[in-house]
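Summary of the model geometry
Residue strings, one per chain:
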Amino acid sequence: MSEIISIANQKGGVGKTTTAVNLAASLAEKGKKVLLLDIDPQSNATTSLGFSRGDYEFNIYHVLIGSKKLSEVLLETNIKNLQLAPSNIGLVGIEKEFYNPKKKNRELVLKEKLKEVSKKFDFIIIDSPPALGPITINALSASDSVIIPIQCEFFALEGLAQLLNTVSLLKKTINPKLKIKGFLPTMYSGQNNLSKQVLEDLSHHFKDKLFHMKKGKECIVVPRNVKIAESPSFGKPVTTYASTSKGSIAYRDLATVIVRG
Ligand code: ATP
Ligand code: MG
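For the structure given in this document, a descriptive report is provided here. What you are looking at is a predicted structure, and each value in this text was computed from that prediction instead of being measured.

**A closer look at the environment of Ile150**
Topologically, Ile150 is positioned in strand β6 (residues 145-151). Residue class for Ile150 comes out buried when judged on its relative accessible area of 0%. Between the C-alpha atom of Ile150 and that of Ala250, which follows or precedes it by 100 residues, the distance is 14 Å.

**Some thoughts on unusual backbone geometry**
Phi at Asn105 takes a positive value of approximately 50 degrees, unusual for a residue other than glycine. Examined against the element boundaries, Asn105 turns out to sit in the loop between α5 (93-99) and α6 (109-114). In the Ramachandran plot, Met187 falls in the positive-phi region, its phi being about 55 degrees despite a non-glycine side chain. Relative to the elements of secondary structure, Met187 occurs in the loop between β7 (179-186) and α9 (193-206).

**Some words on the pattern of salt bridges**
Within this structure, the stated rule accounts for five salt bridges. The salt bridge partner of Glu3 is Lys181, with a shortest N-O separation of 2.6 Å. Placement of the pair is Glu3 in strand β1 (residues 3-7) and Lys181 in strand β7, with a sequence separation of 178 residues. Lys181 sits in the partly exposed class, given a relative accessible area of 25%. A salt bridge links Lys115 to Glu112, with the shortest nitrogen-to-oxygen separation between them at 2.7 Å. For Glu112, a relative accessible area of 47% translates into the label partly exposed.

**Comments concerning the pairing of β6**
Burial of β6 is extensive: seven of the seven residues sit out of reach of the surface. The two faces of β6 match: Ser145, Ile147, Pro149 and Gln151 on one face and Val146, Ile148 and Ile150 on the other face are all buried. With three bridges connecting them, β1 and β6 associate as parallel partners. Across the sheet, Ser6 pairs through a bridge with Val146, a residue of β6. Summarising the sheet, β6 and β7 pair through seven bridges and their orientation is parallel. In the sheet register, Pro149 faces β7, and the bridge partner there is Leu184. The β-α-β motif built from β6, the intervening helix α8 (residues 160-172) and the parallel element β7 has right-handed crossover chirality.

**Observations concerning the site of ligand 1**
In the region of ligand 1, 18 residues are neighbours, and Lys16, Thr17, Thr18, Pro223 and Asn225 sit closest. Take Gln42: an N or O atom from its side chain is 3.2 Å from an oxygen atom of ligand 1. Considering ligand 1 on its own, with 630 Å² of exposed area, one finds that the protein chains cover 80% of that surface. Of all elements in the fold, only α1 (16-29) and α10 (226-230) reach the threshold of two or more residues within the shell around ligand 1. When residues of the shell around ligand 1 are assigned to their parent elements, the largest contribution, three residues, is made by α1. Residues that form the shell around ligand 1 fall into these classes: seven nonpolar, seven polar and four charged.

Cut-off values and rules
- Residues numbered from 1 in each chain as written.
- Chains lettered and ligands numbered in written order.
- Predicted model: local features only at pLDDT ≥ 70, side-chain atom pairs only at ≥ 80, totals over all residues.
- Heavy atoms only, no water.
- Helix = DSSP H or I, 4+ residues; strand = E, 2+ residues; numbered from the N terminus.
- Buried < 20%, exposed > 50% of the residue type's maximum accessible area, 1.4 Å probe, protein only.
- Salt bridge = Lys/Arg side-chain N within 4 Å of Asp/Glu carboxyl O.
- Pairing = 2+ DSSP bridges.
- Right-handed = clockwise from strand over helix to strand, strands pointing away.
- Near = heavy atom within 4 Å.
- Polar contact = N/O pair within 3.5 Å; in protein donor to acceptor, adjacent residues only side chain to side chain.
- Areas by Shrake-Rupley, 256 points an atom, 1.4 Å probe, with all protein chains shown as cover.
- Nonpolar A, V, L, I, M, F, W, Y, C, P; charged D, E, K, R; others polar.

What follows is the structure, encoded as structure tokens:
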């Protein structure tokens, strides 16, 4: 069975998509069979891997409404071992479907759909939208765990309590196995005192929930790195666009920790 990990934070622009794409690519690089599932109508994960609208007819929306099987929308990517379930702006329509109070088990639609492919992949990485609406709830309900990227900037921890409450509510109700895999500081800049402060705050509040390559060593931090920012426009993860960059190393380290379990 695959391990299913959501990348979530309702705050926008904190590095969710970047983390989903590059963690997925790094796991694939380690020989793991990986599905990257884009469940954000913005479709940034899909675009980051070089796909534009004309390249695929069906997407995760069609899976969620039941007109296609998940296996029918999967795309091969230019990374060995990595497949993509693409998204499209049309996915906004699913909010209406999921809000229909008559629809039973609407939080569990994605979980049901994932069953079809869960033997095929070692990992399923889900990139969720910047909202705590029905799409993210579906992602969290289908997942074994969640990674929460935290941008090392002002307001970094704002809204976090709400996300943590949602996770604990889901854990108590429909998804008891859901765990917080960890917090991932992103866009860290060593010259910036604010970055350092955010990291200190995180270490203070969530010491046991940061990722470490070695016990007692510094936690994994994704640096602000221009190669990371450039790579989506080349349709590649940073791990192939700039394989030896600091950004690549951080995401490879994260994958190492995830594989270790
Ligand atoms: P949204 O909430 O809109 O889905 P997001 O949380 O998925 O956003 P990203 O799209 O991953 O965030 O990142 C936001 C922007 O910051 C993007 O332009 C991305 O390329 C850039 N970015 C992310 N991480 C880094 C980094 N470590 N260094 C430099 N730029 C980064
Ligand atoms: Mg995103």
